[in-house]
Amino acid sequence: MSVRIMTVIGARPQFIKAAAVGRALASKIATGEVEHILVHTGQHYDANMSAVFFDELNLPAADVNLGVNESRHGAMTGAMLAGIENVLLDRKPDWMVVYGDTNSTLAGALAAVKHHVPIAHVEAGLRSFNRRMPEEINRVLTDHAADLLLCPTQRAVEFLAAEGVRSGVHLVGDVMYDIAMLYAGRPTSQIMTALGLQPEGYVLVTCHRAENTDDPQRLQAIVEGLGRISRKTKVVVPMHPRTRAKLRSHSLVLADSIIAIDPVGYVDMLELERNATMVVTDSGGVQKEAYMFGVPCVTLREETEWQETVDTGWNVLVGTMMERVDEELSRVPAVRSLARPTLFGDGHASEKVVSLLLEQPEDSQTMTIRGDHTHAR
């Protein structure tokens, strides 16, 4: 009998993670060992934030698209929960797989736990310790509902242990590292030529988190700081739809010298990241990818769930103190000379995830972790 796996995704980082695991699942699906049900909540629905990722990453079309794109957290999560529950009751999966820390993640976990469907949380154990971040609440609640907690780093394992979560915890590595290494440098990207960019000739900026975009003063500080930087070097900003809307509502305008573009696909984004002089971001995924490619990063937050990248010296937290960004730009050569330890696994995290999913779900509560190896209690 095949194992029926239901995967819930809804946002750009989840498409990437699901594509990585999907590659490892493909042969199992082909032989009938796995039946895979892909549910897209609709959280990211813009073509540049959704469809392009499905196309580039060879992610199959969703079996179900819930079309939920409410703007308020409660309404969004509630609508997703109701939709996911209907699919779950109809398809009766053996596993619910959720990724990361979005409202889609939480809705999938809640629907599953209430119907006693085992939950596998890919990218478990991350903590920023900022409970004002919606993502922090989502990841904590999902971890405490999950049966399999698939951690990208040793520190994530330790955070879970500190909260009393030890059963079902596995250190597998980061599935985003798997796919970044696969796609980086593919000759399909023409983004550098299209924008007239040279390697290490620009600063790449992404900004979308509510803590930065919803606060007019924080967003103004970021806009003004980027304007100053753009007078010294090229600044490229793939503009998240949320940020574009908030700039309008706060009556803020980016300097003409800034290269503001629409969101780009996965391959183009990797190309921009790995060729940048420096990355400035408030995105967790972009912080990681900058580290993977050996590009210094400045994070527009007071804390990060990827503290490991800060500890190595490759990432610096500045909040909205944009003068610090100028300082870090001058330190790029020194940062590039630092050691860059392996943090995110061996590039085979996805295969480890699939292997664990294909163990009997009822056994998941009897497992614990020692490094990459599973031991029965």
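For the structure, check the block above.
Residues numbered from 1 in each chain as written. Predicted model: local features only at pLDDT ≥ 70, side-chain atom pairs only at ≥ 80, totals over all residues. Heavy atoms only, no water.

Visitor: Please set out the nonpolar core residue by residue, giving values where relevant.
Guide: The tendency in soluble globular proteins is for nonpolar side chains to be buried as a group. Within the largest apolar cluster, 92 residues are counted, with the highest numbers of intra-cluster contacts made by Met6, Met96, Tyr266 and Leu272. It is helix α1 (residues 12-30) that provides the largest number of residues to this core, a total of 8 residues. Those residues in contact with tyrosine 266 that sit more than four places away from it in its chain are Ile16, Phe53, Glu56, Leu57, Met176, Ile179, Ala180, Tyr183 and Glu289. (Core = buried A, V, L, I, M, F, W, Y, C linked by side-chain atoms within 4.5 Å. Buried < 20%, exposed > 50% of the residue type's maximum accessible area, 1.4 Å probe, protein only. Helix = DSSP H or I, 4+ residues; strand = E, 2+ residues; numbered from the N terminus. Contact = heavy atoms within 4.5 Å.)

Visitor: Describe the side chain of threonine 142, naming the residues involved and giving the relevant values.
Guide: Here threonine 142 lies in helix α5 (residues 134-145). With near-sequence residues (within four places) excluded, threonine 142 lies in contact with Val98, Thr105, Leu106, Ala109 and His121.

Visitor: Account for unusual backbone geometry, with residues named and values stated.
Guide: Within the chain, phenylalanine 129 stands out as a residue other than glycine whose phi angle is a positive 65°. When you line up the elements, phenylalanine 129 lands in the loop between β5 (119-122) and α5. The backbone phi angle of glutamate 200 is positive, close to 60°, even though this residue is not glycine. Positionally, glutamate 200 belongs in the loop between α8 (191-195) and β8 (202-206).

Visitor: Describe the pairing of β8, and please don't skip the residues or the numbers.
Guide: Successive side chains on a regular strand alternate, one facing one side of the sheet and the next facing the other. The buried count for β8 comes to 5 of 5 residues, which makes it a mostly enclosed element. One ladder, built from 3 bridges, connects β8 with strand β9 (residues 234-238); its direction is parallel. The residue bridging valine 203 from the neighbouring strand is valine 235, located in β9. Relative to strand β11 (residues 278-281), β8 is paired through 4 bridges, and the arrangement is parallel. Looking across to β11, one finds that valine 203 is bridged to methionine 278. (Pairing = 2+ DSSP bridges.)

Visitor: Give a description of the sheet that holds β8 that names residues and reports values.
Guide: Here we have 6 strands laid out as an open sheet, ordered β10-β9-β8-β11-β12-β13, and parallel in their pairing. Strands at the two margins of the open sheet, each flanked by one partner only, are β10 (259-261) and β13 (315-317). With strand direction ignored, the average angle separating the axes of adjacent strands in the sheet is 20°. With 3 bridges connecting them, strand β12 (residues 297-299) and β13 associate as parallel partners. What sits directly across from threonine 299, in β13, is leucine 317. Strands in contact with helix α13 (residues 284-292) are β8, β11, β12 and β13; relative to β11, the strand with the most contacts, it is inclined by about 165°. (Axes fitted to C-alpha atoms, helices over the stretch in contact; angles between N-to-C directions.)

Visitor: Mind laying out the pattern of salt bridges, listing which residues take part and the relevant values?
Guide: All told, the structure shown has 25 salt bridges when counted by the stated rule. With its nearest N and O atoms 3.9 Å apart, the salt bridge here joins lysine 28 to glutamate 33. Overall, lysine 28 belongs to the partly exposed group, its relative accessible area being 26%. For the salt bridge of arginine 155 with aspartate 311, the shortest nitrogen-to-oxygen distance reads 2.9 Å. Separated by 156 residues along the polypeptide, arginine 155 in helix α6 (residues 154-162) and aspartate 311 in helix α14 (residues 307-311) bring together distant segments of the chain. Overlapping salt bridges bring together Asp101, Glu135, Glu136, Arg139, Arg209, Arg301, Glu303 and Glu305 as one network. (Salt bridge = Lys/Arg side-chain N within 4 Å of Asp/Glu carboxyl O.)

Visitor: Outline the packing of α1 against helix α7 (residues 175-183), supporting the account with residue identities and numerical values.
Guide: Pairs of packed helices are described in terms of their axes, by the angle between the two and the distance that separates them. Relative to each other, α1 and α7 sit at 80°, their axes nearing to 8 Å. On the basis of their axis angle, the class for α1 and α7 is roughly perpendicular. Along the contact surface, α1 presents Ile16, Lys17, Ala19, Ala20, Val21 and Arg23, while α7 presents Val175, Met176, Ile179 and Leu182. (Parallel < 35°, antiparallel > 145°, perpendicular 65-115°, else oblique.)

Visitor: Summarise helix α4 (residues 103-114); cite the residues concerned and give the values.
Guide: Spanning 12 residues, α4 covers 17 Å between terminal C-alpha atoms, matching the ideal 16 Å at 1.5 Å per step. Burial runs high along α4: 9 of the 12 residues are buried. Buried within α4 we find Asn103, Ser104, Thr105, Leu106, Ala107, Gly108, Ala109, Ala111 and Ala112. Those residues of α4 that are buried lie in contact with β1 (3-9), α1, α3 (73-91), β4 (95-99), β5 and α5. Just beyond α4, the residue with positive phi is histidine 116, at close to 60°. (Expected span 1.5 Å × (residues − 1).)

Visitor: Mind laying out the environment of asparagine 275, listing which residues take part and the relevant values?
Guide: Along the chain, the position of asparagine 275 falls in helix α12 (residues 266-275). Residues in contact with asparagine 275, not counting those within four places in the same chain, are Met192, Gln198, Pro199, Glu200, Gly201 and Tyr202. From its side chain, asparagine 275 meets the backbone oxygen of glutamate 271 in a polar contact 2.9 Å long. (Polar contact = N/O pair within 3.5 Å; in protein donor to acceptor, adjacent residues only side chain to side chain.)

Visitor: Outline the state of the cysteines, supporting the account with residue identities and numerical values.
Guide: In total, this model carries 0 disulfides according to the counting rule given. We note that cysteine 297 lacks a disulfide partner, and the nearest cysteine sulfur, in cysteine 207, lies 13 Å from it. Overall, cysteine 297 belongs to the buried group, its relative accessible area being 3%. (Disulfide = S-S within 2.5 Å.)

Visitor: Which residues make up the sheet that holds β1, and what values do they have?
Guide: The 7 strands are arranged β3-β2-β1-β4-β5-β6-β7 in an open sheet whose pairing can be described as parallel. In the strand order of this sheet, the two ends are held by β3 (64-65) and β7 (169-171), each with one partner. Of the strand pairs in this sheet, strand β2 (residues 34-40) and β3 are connected by 2 bridges, and their pairing is parallel. Paired with valine 39 across the two strands is valine 64, which belongs to β3. In the packing of α3 onto the sheet, the strands contacted are β1, β2, β3 and β4, and the crossing angle to β1 comes to about 170°.

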